[in-house]
Amino acid sequence: MPLLTRIYFNAVFGSLGGLLGWLLFCLFGNPHVSEEQLTWQLIQDGGLIGAGIGYFVVSVEAIRDRAWLRFVRLASYGAILGALGGAVGILLAEFVNYRLVGGIGAIRGSQLKFFATVLSRGLGFLFLGILVGLSEGIAFRSRAKMGYGAIGGALGGFLGGCLFGFIYLFSLERGGDAALAGATGLVLLGAFIAALSSLVRSVFQPARLRVLRGWQEGRDYPLDKPEVYLGRDEHADVALFRDMTVQRQHVRIERSKNGYVLHNLGAPPEFTRVNDIPVTQPCVLHDGDRLQVGKIVLRFEWKTSPTSADRGRSSRSVPVSTGKG
């Protein structure tokens, strides 16, 4: 259920991004341009669409956490890289469309030409999806997020772009409203990019924390960086608000060759526990361990744990000292 919830939230905000991109296009786009100005107009139009999608897709996690300072930072990354991806994507789509379709005449009446044009839109928006997917990883300084985001964004951009092209061309062929078709297509494009980026990251993330009790109960937080910080700080990787017993930087979870190690960053031991045992020194985590940070309880889940028997045994394990804190 948490995975479906994450995909749902990302799809909703991706849809809002697509809608924002369409509104920006309607406000600042110019459908009546000369042939000499066409390239620059395409760059502007694609940039506006990409900025709208990137703005919401990249900042969705900060919106869910209600971390407004982080939202501003992530939204800025998303808008800038999304604009770049949209500009490149639109130009590529037009180039591919010209190569695939331009040499064989009008689209109307030919299924081959119709689907070739749809494919060209998918290939073009694939680049938009890649850069939007990359931008979240850049904002979080996470190589894993960059890789998974790029793969998911590419899939979402291609599939969403194909769907956008299909809806738009199908509507035009039947005398429909081009503006409504464009809006629908961009909303779906944003939803596909956001949802598939989230899906790929969730499938391939090595470990995660799931909130069992307290702020954001039921929420999953991926551990996809060498060091992940938990606390009340706006810039914490796992932001835990509304609990004043949580320090601004409460604990750090560090990935080593053999697993994950939790470090207490000077927080009171009674509010820093693993399997109900106070933590004062570095503590090796095992799949199923219950972490208490302040009054918030989380479960550590490690996908590489070999068997369910190991998971059951590790959930009863005690912290293991790895040296002095």
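Residues numbered from 1 in each chain as written. Predicted model: local features only at pLDDT ≥ 70, side-chain atom pairs only at ≥ 80, totals over all residues. Heavy atoms only, no water.

*Asks:* When you look at the overall build of the protein chain in this model, what are you seeing that I'm missing?
*Replies:* Within the protein chain one finds seven helices and eleven strands. Buried residues in the protein chain amount to 52% of all 325 residues. Here the protein chain has roughly 15,400 Å² of accessible surface; of this, 63% comes from carbon and sulfur atoms. (Helix = DSSP H or I, 4+ residues; strand = E, 2+ residues; numbered from the N terminus. Buried < 20%, exposed > 50% of the residue type's maximum accessible area, 1.4 Å probe, protein only. Areas by Shrake-Rupley, 256 points an atom, 1.4 Å probe, with all protein chains shown as cover.)

*Asks:* How should the sheet that holds strand S6 (residues 259-264) be read in this particular structure?
*Replies:* Two strands in a sheet stick together by hydrogen bonds in their backbones, pointing the same way (parallel) or opposite ways (antiparallel). Spatially, the five strands line up as an open sheet ordered S4-S3-S5-S6-S9, and their pairing is mixed. Strand pairing shows two members of the sheet lacking a second neighbour, strand S4 (238-239) and strand S9 (283-285), which therefore form its edges. Pairing between S6 and S9: three bridges, direction antiparallel. In the sheet register, Val261 faces S9, and the bridge partner there is Val284. (Pairing = 2+ DSSP bridges.)

*Asks:* Could you clarify how one ought to interpret the side chain of Asp224 in this entry?
*Replies:* Among the structural elements, Asp224 can be located in the loop between strand S2 (220-222) and strand S3 (227-231). Discounting residues that sit within four places of it in the chain, Asp224 has contacts with Ser142, Ala144 and Lys145. (Contact = heavy atoms within 4.5 Å.)

*Asks:* Honestly, the packing of aromatic side chains in this entry has me stumped. Any pointers?
*Replies:* The way to describe two aromatic rings as a pair is by their centre distance and the angle between their planes. Applying the stated rule across the entire model yields 13 aromatic pairs. Summarising the aromatic geometry, the rings of Phe164 and Tyr168 are spaced 6.0 Å apart at their centres and angled 15° between planes, so their arrangement reads as stacked. Of this pair, Phe164 and Tyr168 both sit in helix H5 (residues 143-173), four residues apart, which is roughly one turn of that helix. Members of the aromatic cluster, joined through ring pairs, are Phe13, Tyr55, Phe56, Trp68 and Phe71. (Phe/Tyr/Trp six-rings, centres within 6.5 Å; stacked < 30°, edge-to-face > 60°.)

*Asks:* How should the sheet that holds strand S1 (residues 207-213) be read in this particular structure?
*Replies:* Strand order in the open sheet formed by six strands is S2-S1-S11-S10-S7-S8, and the pairing between neighbours is antiparallel. The open sheet terminates on both sides in strands that have one partner only, identified here as S2 and strand S8 (277-278). Inspection of the sheet shows strand S7 (residues 272-274) paired to S8 by two bridges, in the antiparallel sense. Among the inter-strand pairings, Val274 is bridged to a residue of S8, identified as Ile277.

*Asks:* Where do I start with the nonpolar core in this structure?
*Replies:* The tendency in soluble globular proteins is for nonpolar side chains to be buried side by side. Counting 27 residues, the largest nonpolar core has Leu230 and Ile253 as the members making the most contacts within it. Taken together, the elements giving at least two residues each to this core come down to S1, S3, S4, strand S5 (251-256), S6, S9, strand S10 (290-293) and strand S11 (296-302). Grouped together as the second largest cluster of nonpolar side chains are 26 residues, Phe56, Val58, Ile63 and Phe164 included. (Core = buried A, V, L, I, M, F, W, Y, C linked by side-chain atoms within 4.5 Å.)

*Asks:* What is the right way to read the environment of Asn275 from this model?
*Replies:* Summarising the element assignment, Asn275 is placed in the loop between S7 and S8. Residues Asn275 and Asp289, 14 residues apart in the sequence, show an inter-C-alpha distance of 6.1 Å. In this structure the side chain of Asn275 is engaged in a polar contact, spanning 3.0 Å, whose partner is the side chain of Asp289. (Polar contact = N/O pair within 3.5 Å; in protein donor to acceptor, adjacent residues only side chain to side chain.)

*Asks:* What exactly am I supposed to notice about the environment of Thr280 here?
*Replies:* Examined against the element boundaries, Thr280 turns out to sit in the loop between S8 and S9. Residue classification places Thr280 among the exposed residues on the basis of a relative accessible area of 56%.

*Asks:* Explain the pairing of S11 to me, please; I cannot follow it from the model alone.
*Replies:* Note on strand geometry: in a regular strand, side chains alternate between the two faces of the sheet. Among the seven residues that make up S11, five are buried, leaving the element largely enclosed by the rest of the structure. Pairing analysis gives six bridges linking S1 to S11, with the strands arranged antiparallel. Among the inter-strand pairings, Ala207 is bridged to a residue of S11, identified as Trp302. The sheet contact formed by S10 and S11 spans four bridges and is antiparallel. Paired with Arg290 across the strands is Arg299, a residue of S11. Counted between consecutive antiparallel strands, the loop separating S10 from S11 contains two residues, among which Gly294 sits at a positive phi close to 65°.

In short, the description is geometric, and any link to function would need to be established separately.
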